[in-house]
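As a plain string of letters, each chain reads:
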Amino acid sequence: MKQYLEAGQVINKRGLKGEVKVDCYCDTLETLCEISTLYLDDKGERPVKILAAKPYKGFVYLTIEGINSVEDADRMRGKTLYADRCDIPVDEGCYFIDDLIGLEMIDADTKKVYGKITDVFNSGASDIYTVSDGAKDYYIPAVDEFIIETDLEKGVFIRPIPGMFDEAEQLK
């Protein structure tokens, strides 16, 4: 598992004192605002201290120690910011997307492997797992009605309904 996860990307400068505008990759803007140290690399070797953070109109505005001018902020544009997974609060039963990618989707009853999770996105109502069998992609809502168990070592166990996978109708 990766220790440092993408938390956002600097997309612009704001004001004259070095504040930066960040496109947040966290579940909520508030989650990113609660993190006091971010990193400029995915190994945790280039920490930056966050002096202030505030959400505004779908973005997070950060004041970063050592970034004190519009020129400093402009040099940050395009940089990805990483967070230590230990600094990100995760509710029970929730998982980091990075940990789900690559897990097998397994029938809870028959143990048939339907494919691997290749992407996770949110449709508004719930997260959707993209599952690929190598030839076709399937889109599975990550809801309790279908997802029986998530085991980060073994895979995601599902109880499919007819039509969810091509073979699911034949199994019922």
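This text gives an overview of the structure that appears in the document. Remember, it's a predicted structure, so these values are computed and weren't measured experimentally. (Residues numbered from 1 in each chain as written. Predicted model: local features only at pLDDT ≥ 70, side-chain atom pairs only at ≥ 80, totals over all residues. Heavy atoms only, no water.)

Quick word on the overall build of the protein chain
Next, step 1: When you go through the protein chain residue by residue, the secondary structure sums to four helices and 12 strands.
Next, step 2: Against the compact-globule benchmark of 16 Å for 172 residues, the protein chain has a radius of gyration of 20 Å, which places it well outside the compact range.
Next, step 3: Oriented by its inertia axes, the alpha-carbon framework of the protein chain measures out at about 65 × 30 × 30 Å.
Next, step 4: Relative to its full complement of 172 residues, the protein chain shows a buried share of 40%.
Next, step 5: Expressed as a percentage of contacts within the protein chain between residues at least 6 apart in sequence, the contacts between residues at least 24 apart total 48%.
Next, step 6: Only carbon and sulfur atoms are counted for the fraction: they give 46% of the accessible area of the protein chain, which is about 10100 Å².
Next, step 7: Computing the positive centroid from 21 side-chain charges and the negative centroid from 34, the protein chain places the two 7 Å apart. (Helix = DSSP H or I, 4+ residues; strand = E, 2+ residues; numbered from the N terminus. Rg over C-alpha atoms; globule rule 2.2 N^0.38 Å. Buried < 20%, exposed > 50% of the residue type's maximum accessible area, 1.4 Å probe, protein only. Contact = heavy atoms within 4.5 Å. Areas by Shrake-Rupley, 256 points an atom, 1.4 Å probe, with all protein chains shown as cover. Lys, Arg positive; Asp, Glu negative; His and termini not counted. Charge placed at Lys NZ, Arg CZ, Asp CG, Glu CD.)

Some remarks on the environment of Val-120
Next, step 1: Its place among the elements puts Val-120 in strand S8 (residues 113-122).
Next, step 2: Taking relative accessible area as the criterion, Val-120 reaches 8% and is therefore assigned buried.
Next, step 3: In this structure, the C-alpha to C-alpha distance between Val-120 and Tyr-139, residues 19 residues apart in sequence, is 9.3 Å.
Next, step 4: Those residues in contact with Val-120, other than ones at most four positions away along the chain, are Ile-97, Leu-100, Ile-101, Asp-127, Ile-128 and Tyr-129.

Focus on a nonpolar patch on the surface
Next, step 1: Taken together, the side chains of Met-1, Tyr-95 and Leu-152 make up a nonpolar region of the molecular surface, amounting to roughly 320 Å² of accessible area.
Next, step 2: Within the element layout of this structure, Tyr-95 appears in the loop between strand S6 (80-84) and helix H3 (97-100).
Next, step 3: Exposure remark for Tyr-95: the relative accessible area of 33% places this residue in the partly exposed category. (Patch = residues over 30% accessible without salt bridge, like charges linked within 9 Å, V, L, I, M, F, W, Y side chains within 5 Å. Salt bridge = Lys/Arg side-chain N within 4 Å of Asp/Glu carboxyl O.)

Geometric values such as these leave the question of function open.
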